[in-house]
Amino acid sequence: MRFVPRSVMVGFVNALAIMIFMAQVPEMHDVPWAVYPLIIGGLALMVFFPKVTKVVPAPLVSIVVLTVITVAAGIAVPTVGDKGDLPSSLPVPGLPDVPFTLDTLTTIAPYALAMALVGLMESLMTAKLVDDITDTRSDKTRESIGQGIANIVTGFFGGMGGCAMIGQTMINVKVSGARTRLSTFLAGSFLMVLCIAFGPVVSDIPMAALVAVMVMVSVGTFDWHSVRPKTLKRMPLGETTVMVVTVVVVVATDNLAIGVVVGSLTAMTVFAKRVAHLAQVSGVVDPDGQQVVYSVTGELFFASSNDLVHQFDYKNDPDDVVIDLSGTHIWDASSVAALDAIETKYAERGKKVTVTGLNEPSAAMRERLTGQLTGGH
């Protein structure tokens, strides 16, 4: 998570919001006309009910009201029951009915890796957002271990893989005012009771009510501040590009993991390109013309060190050349190779090079790698 920049996180959240909304579109296509006023009514309840009271969550009120209206008035609209039968009893443990072979593992491994990656990223991003909202600090390692154990146990009961939901969490924390893990436990407990004990009632819930809730979730999930003209004008072009790339890749591939990976790689490329121009070289020749001192400032790594070799006057410099690196740091082998190339170019002209000012880590890296990177050529 340390290597996932904020622009990728914003793109992730915005793409997730778009995907949540797009998932509701099929429920609004080729349906009875009564679905549309029900959705609008549900949205209106969730917008205005919190102004009256926040004791009862607005999404719950919306679902109850719309269900009562459709049942009492006998309005024929798609319901939860139309999607399939709800469980009538608690699940029992068991093993998947699949062959335990290498072929099975190679088939499910890519999907398992993608799900684990998305699940961890979404949970950790959610934890970070909740930490900011509640002014608390969560143990990300504990969250990850707990999620992994829960998913393994759930698998033996025929359950689906799960992770934290940014949209659902925002409604839980912001709208409902939840502040402890008790709210998460109660959400699962109520859902279990509703499905098992009140299955017939839940089956009568109109899909329009759930669509309205999920539309509100998508609206609440989207970071609208990130697309305001003022924000876009102030943000560096590279940051905006990374966010847009993340959103486009996620929506195009329908895969959050691919979007985050591509977004992170784009962010790294933008950062490397930006930092590469920070290494500067300035030379001062002694009054007697016997020595030149080059001062190098900025960070030396693969992107910036490529231009370093071309910033010295090998032909016209005096025979004594001093390169002062007290204002920089050597980060990789590319920088050591660049310094070796500079020394070689001066040595070919019979000139002596002295490198000074290296900090301890840079000096250790140079001592370990100098002369070992070109194979003697």
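What counts, and where the lines are drawn
For every chain, the first residue of the written sequence is number 1, and numbering continues from 1 along that sequence. Note on the predicted model: pLDDT of at least 70 is required for a residue's local features to be given, and 80 or more for side-chain atom pairs to be given and counted; whole-chain, interface and lining totals, by contrast, use all residues. Here the side-chain values reflect all heavy atoms present in the structure, with hydrogen atoms and water set aside. We count a stretch as a helix when DSSP gives it H or I for four or more residues in a row; a strand needs E for two or more, and each element gets its number in order from the N terminus. Note on method: radius of gyration uses C-alpha positions; expected globular size equals 2.2 Å times residues raised to 0.38. Only protein chains enter the area calculation, which uses a 1.4 Å probe; residues under 20% of their type maximum are buried, those over 50% are exposed, and those in between are partly exposed. Here, two residues are considered to be in contact whenever any of their heavy atoms come within 4.5 Å of each other. Note on areas: Shrake-Rupley with a 1.4 Å probe; residue coverage comes only from the protein chains shown. By the counting scheme adopted, Arg and Lys are positive, Glu and Asp are negative, and His together with the chain ends is not counted. Taken as the charge centre is NZ of Lys, CZ of Arg, CG of Asp or CD of Glu, depending on the residue. Each reported salt bridge corresponds to a side-chain nitrogen of Lys or Arg within 4 Å of a carboxyl oxygen of Asp or Glu. Pairing of N or O atoms within 3.5 Å defines a polar contact, subject to two protein rules: one partner must be a possible hydrogen donor and the other a possible acceptor, and residues neighboring in sequence count only if both atoms are side-chain atoms. The criterion is simple. A nonpolar core is a set of buried Ala, Val, Leu, Ile, Met, Phe, Trp, Tyr and Cys residues joined through side-chain atoms within 4.5 Å. In short, DSSP must find at least two bridges between two strands for them to pair. If you view a crossover with the strands going away from you and the path from the first strand over the helix to the second runs clockwise, you call it right-handed. Here a helix's expected span is defined as the number of its residues, less one, multiplied by 1.5 Å. A residue's bend is the angle separating two fitted axes: one through the seven residues that end there, the other through the seven that start there.

A. Main features of the overall build of the protein chain. Helix and strand counts for the protein chain come out as 15 helices and four strands. In terms of C-alpha radius of gyration, the protein chain reaches 30 Å, well past the compact-globule figure of 21 Å for 377 residues. Each principal axis of the C-alpha atoms in the protein chain carries an extent, and together these give about 100 × 55 × 40 Å. Put simply, the protein chain has 377 residues, and 35% of those count as buried. Here the contacts in the protein chain between residues at least 6 apart in sequence split such that 78% fall between residues at least 24 apart. As displayed, the protein chain offers around 22,600 Å² of accessible surface, 66% of which is attributable to carbon and sulfur atoms. A distance of 9 Å separates the average location of the 25 positive side-chain charges in the protein chain from that of its 31 negative side-chain charges.

B. Layout of the pattern of salt bridges. Considering all chains together, one arrives at four salt bridges under this definition. The residue K83 makes a salt bridge to E27 at a minimum N-O spacing of 3.0 Å. In this pair, K83 sits in the loop between α3 (58–73) and α4 (102–134) while E27 sits in the loop between α1 (6–24) and α2 (35–52), placing the two residues 56 residues apart along the sequence. Note on K83: relative accessible area 54%, which makes it exposed. The residue R366 makes a salt bridge to E343 at a minimum N-O spacing of 2.7 Å. Taken together, the positions of R366 in helix α15 (residues 360–369) and E343 in helix α14 (residues 333–347) put the pair 23 residues apart, joining distant regions of the chain.

C. Structural detail: the environment of N359. Its location among the elements puts N359 in the loop between β4 (352–356) and α15. The class of N359 is partly exposed, set by a relative accessible area of 28%. In the structure, N359 is positioned 145 residues away from M214 in sequence and 55 Å away in space, judged by C-alpha atoms. A polar side-chain atom of N359 sits 3.0 Å from a polar atom in the side chain of H329.

D. Summary view of unusual backbone geometry. One non-glycine residue, D30, adopts positive backbone phi at about 55 degrees. Along the chain, D30 falls in the loop between α1 and α2. For D135, which is not glycine, the phi dihedral falls at a positive 55 degrees. Examined against the element boundaries, D135 turns out to sit in the loop between α4 and α5 (140–155). Residue classification places D135 among the exposed residues on the basis of a relative accessible area of 71%.

E. Molecular detail of the nonpolar core. Within the largest apolar cluster, 43 residues are counted, with the highest numbers of intra-cluster contacts made by F12, M125, I166 and L256. Looking at this core, the elements that each hand over two or more residues are α1, α2, α3, α4, α6 (166–175), α9 (207–221), α11 (237–253) and α12 (256–276). Dropping the residues within four chain positions of it, L256 is found in contact with F12, L16, M19, V118, E122 and V250. In this structure, V336, A338, V355 and M365 belong to the second largest nonpolar core, which totals 22 residues.

F. Highlighting the side chain of T70. Looking at the element boundaries, T70 is found in helix α3. On the basis of relative accessible area, T70 is assigned to the buried category, the value being 5%. Ignoring any residue separated from it by four or fewer positions in sequence, one finds T70 in contact with L38, I75, V77, D204 and P206.

G. Focus on the pairing of strand β3 (residues 320–330). The pairing of strand β2 (residues 291–300) with β3 spans nine bridges and is parallel. Bridge pairing in β3 places V293 opposite V322. Handedness of the crossover joining β2 and β3 through helix α13 (residues 302–308): right-handed. Relative to β4, β3 is paired through five bridges, and the arrangement is parallel.

H. Expanded view of α4. Its 33 residues place the ends of α4 46 Å apart at the C-alpha level, agreeing with the 48 Å of an ideal helix rising 1.5 Å per residue. Where α4 bends most, the angle comes to about 35 degrees, and this point is I108, followed within four residues by the proline P110. One or two steps after α4, the chain reaches D135, where phi turns positive at roughly 55 degrees.

Take it as geometry only, folks, not as evidence of what the structure does.
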